[in-house]
Amino acid sequence: MQRSIALILHGDLVAAFYMYPAIYSLIALFSFLLLHLKFHFKNGHRIILGLFLLNISIIVISFIIKTFLIN
């Protein structure tokens, strides 16, 4: 994940995605979490839960693909 963040900072967005596919959804999750802590959105907890489940799904699917399907 650290290398993916470094790639984003250097402007290589596609390589960052290939390095760690969940990087952009994690950025969205943490950004929304910080905004929700500041502004207390009405249904913010549901959005955070949805983003959390999306991140878990992306991480598990990318692990399965990298472990079992790519040789």
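Residues numbered from 1 in each chain as written. Predicted model: local features only at pLDDT ≥ 70, side-chain atom pairs only at ≥ 80, totals over all residues. Heavy atoms only, no water.

Student: Tell me about the overall build of the protein chain, and please be specific about residues and values.
Tutor: For the protein chain, the helix and strand inventory stands at four helices and zero strands. Each helix and strand of the protein chain, placed in order from N terminus to C terminus, yields the pattern α-α-α-α. Over its C-alpha trace the protein chain gives a radius of gyration of 14 Å, far above what one expects of a compact globule, namely 11 Å for 71 residues. Expressed along its principal axes, the backbone C-alpha trace of the protein chain runs to roughly 45 × 30 × 15 Å. Within the span of the protein chain, comprising 71 residues, buried residues form 23% of the whole. Taking the contacts inside the protein chain whose residues are at least 6 apart along the sequence as the reference set, 31% of them involve residues at least 24 apart. Only carbon and sulfur atoms are counted for the fraction: they give 74% of the accessible area of the protein chain, which is about 5600 Å². (Helix = DSSP H or I, 4+ residues; strand = E, 2+ residues; numbered from the N terminus. Rg over C-alpha atoms; globule rule 2.2 N^0.38 Å. Buried < 20%, exposed > 50% of the residue type's maximum accessible area, 1.4 Å probe, protein only. Contact = heavy atoms within 4.5 Å. Areas by Shrake-Rupley, 256 points an atom, 1.4 Å probe, with all protein chains shown as cover.)

Student: I'd like a description of the packing of aromatic side chains, backed by residues and values.
Tutor: One pair of aromatic rings is described through two measures. These are the centre distance and the angle between the planes. Summed over all chains, the structure comprises three aromatic pairs. When the ring of phenylalanine 32 is compared with that of phenylalanine 41, the centres are 5.3 Å apart and the planes differ by 20°; the resulting orientation is stacked. Taking the centre distance of 6.3 Å and the plane angle of 40° together, the rings of phenylalanine 39 and phenylalanine 41 count as tilted. Overall, the relative accessible area of 35% leaves phenylalanine 41 in the partly exposed class. (Phe/Tyr/Trp six-rings, centres within 6.5 Å; stacked < 30°, edge-to-face > 60°.)

Student: Provide a residue-level description of the environment of isoleucine 5, including the pertinent values.
Tutor: Within the secondary structure, isoleucine 5 sits in helix H1 (residues 2–9). The partly exposed category is assigned to isoleucine 5, whose relative accessible area is 38%. A sequence separation of 18 residues divides isoleucine 5 from isoleucine 23, and the C-alpha atoms of the two residues are 7.7 Å apart.

Purely geometric numbers; function is a separate question.
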